[in-house]
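# Fold and contact review
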Amino acid sequence: MSFPLPDVLQSLLSAPDSKARESAWTAFLKEYGGLVLHVARSMGGDYDAAMDRYAFVLEALRREDYRRLRGYVADGCGRFTTWLIVVVRRLCHDHHRRRYGRTQSDSRAALEQRAGRRQLEDLLSEELGLAALESRADEAPDAALSGAELSRGLARALEALDPADRLILRLRFEDDCSVPEIARLLGEGSPFRLYRRIERILTTVRQRLQAAGIEDSVP
């Protein structure tokens, strides 16, 4: 599915001179600066660390006549807000590598990614009723799936989701964003539409858990 180029991005990339570019960049920040800052904050650390990442990302987006933003036009797929979140997260990891060194940052990034998956899985486990299943597994190992099997089944179900759907789950359950806030960040329009989308995503996860033999996860 293709999406139209956002007006503020189109104005920025087609600006004929430096004055027009500065004006377009201001409009771009007004539209998407909050999203960039949210991602910078979600990577952890204190206020100063988040603002350092935020400044680094903005500088990187402006570099070489907005080369990274022009990359969205070249990619030609996906909603711009989803694409931007992915790019900003990568830039935040680049910032960490430059500050702390590649080996350390790569190791930390991998650990943070795995920790994030575990956290999301734990939160969804409660949402889907898997915690009760795991409790019963501890009481009667022969009568229910083990906790490790439940965790692996949920991880596989999440990995099979569309990246945009995984992002929505992370924002909703891991970052504790409200549905109206997510709708605004991702340009979904009506929050009610996003509520329905989240319910469809959770239904898909339940169905995949059923297919994996975790029948009791469906209420």
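Parameters and conventions
Residues numbered from 1 in each chain as written. Predicted model: local features only at pLDDT ≥ 70, side-chain atom pairs only at ≥ 80, totals over all residues. Heavy atoms only, no water. Helix = DSSP H or I, 4+ residues; strand = E, 2+ residues; numbered from the N terminus. Contact = heavy atoms within 4.5 Å. Areas by Shrake-Rupley, 256 points an atom, 1.4 Å probe, with all protein chains shown as cover. pLDDT = per-residue confidence, 0-100. Core = buried A, V, L, I, M, F, W, Y, C linked by side-chain atoms within 4.5 Å. Buried < 20%, exposed > 50% of the residue type's maximum accessible area, 1.4 Å probe, protein only. Salt bridge = Lys/Arg side-chain N within 4 Å of Asp/Glu carboxyl O. Axes fitted to C-alpha atoms, helices over the stretch in contact; angles between N-to-C directions. Parallel < 35°, antiparallel > 145°, perpendicular 65-115°, else oblique. Nonpolar A, V, L, I, M, F, W, Y, C, P; charged D, E, K, R; others polar. Phe/Tyr/Trp six-rings, centres within 6.5 Å; stacked < 30°, edge-to-face > 60°.

### Describing the overall build of the protein
- Of regular secondary structure, the protein possesses 10 helices and 0 strands.
- In sequence order, the protein lays out its α and β elements as α-α-α-α-α-α-α-α-α-α.
- Considering only residue pairs separated by 6 or more positions, the protein has 62% of its internal contacts joining residues 24 or more positions apart.
- Carbon and sulfur atoms form 48% of the exposed surface of the protein, whose accessible area is close to 12,500 Å².

### Quick word on the confidence of the model for the protein
- For the protein, per-residue confidence averages 78 on the pLDDT scale, and residues scoring 70 or more make up 77% of the total.
- Taken element by element, the predicted model of the protein shows its lowest mean pLDDT in helix α6 (residues 130–139) (52) and its highest in helix α1 (residues 7–13) (95).
- In the model, residues 103–107 has pLDDT below 50 throughout and makes 3 contacts with residues more than four positions away in sequence or in other chains.

### Brief notes about the nonpolar core
- In this structure, W25, F28, L69, F80, L84, L124 and L169 are the most contacted members of the largest nonpolar core, which totals 56 residues.
- With near-sequence residues (within four places) excluded, W25 lies in contact with L12, L58, L61, R62, Y66 and L69.

### Some words on the pattern of salt bridges
- All chains considered together, the criterion is met by 7 salt bridges.
- R97 is the salt-bridge partner of D94, the closest N and O atoms lying 2.1 Å from each other. A residue pair is termed a helical-turn pair when its members lie 3 or 4 positions apart in one helix, as D94 and R97 do in helix α4 (residues 80–100) at 3 residues.
- Using a relative accessible area of 22% as the deciding quantity, one classes R97 as partly exposed.
- Across the salt bridge formed by E199 and R206, the nearest N and O atoms sit 3.4 Å from each other.

### Observations concerning the packing of helix α8 (residues 163–174) against helix α10 (residues 191–211)
- Relative to each other, α8 and α10 sit at 105°, their axes nearing to 11 Å. It follows that α8 is roughly perpendicular to α10 by the angle criterion. Between α8 and α10, the residues in contact are A164, D165, I168, L169, R172 and F173 and L194, R197, I198, I201 and L202, respectively.
- Its residues assigned to classes, the contact of α8 with α10 comprises 8 nonpolar, no polar and 3 charged.

### Some words on α8
- Within α8 the residues assigned to the buried category are A164, D165, L167, I168, L169, L171 and F173.
- Directly beyond the C-terminal end of α8, a positive phi value near 60° is found at D176.

### Focus: the packing of helix α9 (residues 179–186) against α10
- Packing of α9 against α10 brings their axes to within 9 Å, and their N-to-C directions diverge by 100°. In this view, α9 runs roughly perpendicular relative to α10, as classed from their interaxial angle. Along its contact with α9, which presents V179, P180, I182 and A183, the element α10 presents P191, L194, Y195 and I198.
- Split by residue class, the contact of α9 with α10 holds 8 nonpolar, no polar and no charged.

### Concerning the packing of aromatic side chains
- For the coordinates displayed, the defined rule picks out 9 aromatic pairs.
- Aromatic side chains F192 and Y195 sit 6.5 Å apart centroid to centroid with 45° between the ring planes, which places their arrangement in the tilted category. Pair noted here: F192 and Y195 are both in helix α10, with a separation of 3 residues, about one helical turn.
- Relative accessible area serves as the criterion here: at 45%, Y195 is assigned to the partly exposed category.

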